[in-house]
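Architecture at a glance
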Amino acid sequence: MYKRGKVLIDQQFETEPFDGIQAYSDDKLLLVYFTKSLAKRLADHSITVNALHPGVVNTDVFREYPKWLSSLVGLFITSPQKGAQPTLYLATSEEVKDVTGAYFNKKQQN
């Protein structure tokens, strides 16, 4: 979703209609920018930071949908237990211990 994001410094939030999908995309883009900036700031401190998309995870994100629809969607997306695996991988894997400022889609660096 970050690829759909835009950074608009002079956006008029009071007059423009709210678009939840665009806001989510903008947020994800800014998180990628923040990750890259933080990685540069911490380069001399042996601390790594990376951005991660764990996949679509069956969390409470669909709580506003009708119960039948959220239950149906839940059949086709990742459980919270499996959704946590990419985060644990990045936090503990020797394979990526020196990678910083990167974006991962599940366990794959993009």
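As the structure is a computational prediction, the values presented were derived from the model and not from experiment.

1. Quick word on the overall build of the protein
- Within the protein one finds 4 helices and 3 strands.
- Reading the protein from its N end, one meets helices and strands in the order α-β-α-α-α-β-β.
- The C-alpha radius of gyration computed for the protein amounts to 17 Å, which surpasses the reference 13 Å derived for 110 residues by more than 25%, pointing to a less compact arrangement than a globule.
- The C-alpha extent of the protein, read off along each of the three principal axes, is 45 × 40 × 20 Å.
- Residue pairs at least 24 apart in sequence account for 48% of intrachain contacts in the protein once pairs closer than 6 positions are excluded.
- Carbon and sulfur atoms provide 56% of the accessible area of the protein, an area that totals close to 8,500 Å².
- Considering the protein, the positive charge centre built from 13 side chains and the negative charge centre built from 12 side chains are found 8 Å apart.

2. Let's talk about the sheet that holds strand β2 (residues 103–105)
- Strand order across the open sheet formed by 3 strands is β1-β2-β3, with mixed pairing between neighbours. Each end of this open sheet is capped by a strand with a single partner; those strands are β1 (51–53) and β3 (108–109).
- Relative to β3, β2 runs antiparallel, the two sharing 2 bridges. Directly across from Phe104, in β3, lies its bridge partner Gln109.

3. Quick look at the pattern of salt bridges
- Under the definition given, this model contains 3 salt bridges.
- Taking the shortest distance from any N to any O, the salt bridge between Glu64 and Arg63 comes out at 3.9 Å.
- Classification of Glu64 by relative accessible area gives exposed; the value is 68%.
- With a relative accessible area of 55%, Arg63 lands in the exposed category.

4. A few points about unusual backbone geometry
- Positive phi values are uncommon outside glycine, yet Ser46 reaches one of about 55°.
- Within the element layout of this structure, Ser46 appears in the loop between α1 (20–41) and β1.
- Unusually for a residue other than glycine, Lys106 sits at a positive phi of about 60°.
- Assignment of secondary structure puts Lys106 in the loop between β2 and β3.

5. Some thoughts on the nonpolar core
- Counting residues in each nonpolar core, the largest one holds 6 residues, listed as Tyr89, Leu90, Val96, Val99, Ala102 and Phe104.
- With near-sequence residues (within four places) excluded, Leu90 lies in contact with Asn50, Leu52, Val96 and Phe104.
- Tyr2, Leu29, Ala51 and Tyr103 belong to the second largest nonpolar core, which has 5 residues in total.

6. Considerations on the environment of Thr78
- Inspection of the secondary structure assignment puts Thr78 in the loop between α2 (67–74) and α3 (80–83).
- Distance from Thr78 to Thr59, taken between C-alpha atoms, is 9.1 Å for residues 19 residues apart in sequence.
- When neighbours within four sequence positions are excluded, Thr78 is seen to be in contact with Val56, Val57, Asn58 and Gly83.

Cut-off values and rules
- Residues numbered from 1 in each chain as written.
- Predicted model: local features only at pLDDT ≥ 70, side-chain atom pairs only at ≥ 80, totals over all residues.
- Heavy atoms only, no water.
- Helix = DSSP H or I, 4+ residues; strand = E, 2+ residues; numbered from the N terminus.
- Rg over C-alpha atoms; globule rule 2.2 N^0.38 Å.
- Contact = heavy atoms within 4.5 Å.
- Areas by Shrake-Rupley, 256 points an atom, 1.4 Å probe, with all protein chains shown as cover.
- Lys, Arg positive; Asp, Glu negative; His and termini not counted.
- Charge placed at Lys NZ, Arg CZ, Asp CG, Glu CD.
- Pairing = 2+ DSSP bridges.
- Salt bridge = Lys/Arg side-chain N within 4 Å of Asp/Glu carboxyl O.
- Buried < 20%, exposed > 50% of the residue type's maximum accessible area, 1.4 Å probe, protein only.
- Core = buried A, V, L, I, M, F, W, Y, C linked by side-chain atoms within 4.5 Å.

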